[in-house]
Amino acid sequence: MSGYPRLLHTVLDSTNPRELAEFYRQLLGLRYRPGDEPPTDGTADDRDWLVLRDSDGAAQLAFQLVDRLPRTTWPRHDVPMQLHLDFTVPDASELERQRARAEALGAELLIDRTDDPDEPLYVFADPSGHPFCIFVA
């Protein structure tokens, strides 16, 4: 026992948890926790809590239903972002490939800072409006 709490996963609010979970599942190559998969028998998909795991079974992200989610106005501070996710890629060509994938999955490009020689990056908003970065590191 380390004497410290262990981070289990990061939880994102969404008015549509399935849509947001599907976005990150496809973007990051994650899989659903057993029992959280979308229904295949025609029943309503009314889950209000979903968890995505990595290939080793470790929890990565969770999604919880909220009635209302004001979209951040970042970089203005009227509605702060409060949290964002950072993802890295090894080089500029992979950064471009992941930009195309993210946008194809429904991400909105907020900032293009690929001209920064020290840390080229893109800032996106996911389908629920949460900012996330993909950058070369």
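Since we're looking at a predicted model, the values are computed, not measured. (Residues numbered from 1 in each chain as written. Predicted model: local features only at pLDDT ≥ 70, side-chain atom pairs only at ≥ 80, totals over all residues. Heavy atoms only, no water.)

Visitor: It is not clear to me how the side chain of D36 should be interpreted in this structure. Could you clarify?
Guide: As for its position among the elements, D36 is in the loop between β2 (31-32) and β3 (49-53). Residue D36 is classed as buried on the basis of its relative accessible area, which comes to 1%. A polar contact is formed between the side chain of D36 and the backbone nitrogen of V51, at a distance of 2.8 Å. Among residues more than four places away in sequence, those in contact with D36 are R18, R47, W49, L50 and V51. (Helix = DSSP H or I, 4+ residues; strand = E, 2+ residues; numbered from the N terminus. Buried < 20%, exposed > 50% of the residue type's maximum accessible area, 1.4 Å probe, protein only. Polar contact = N/O pair within 3.5 Å; in protein donor to acceptor, adjacent residues only side chain to side chain. Contact = heavy atoms within 4.5 Å.)

Visitor: Is there a simple way to explain unusual backbone geometry in this structure?
Guide: With the exception of glycine, the majority of residues adopt a negative phi angle, and the majority of peptide bonds are in the trans configuration. In this structure, P75 follows W74 across a cis peptide bond, with omega equal to 15°. Structurally, P75 can be placed in the loop between β4 (59-65) and β5 (85-89). The backbone of Q82 shows a phi angle near 65°, a positive value even though the residue is not glycine. On the secondary structure map, Q82 appears in the loop between β4 and β5.

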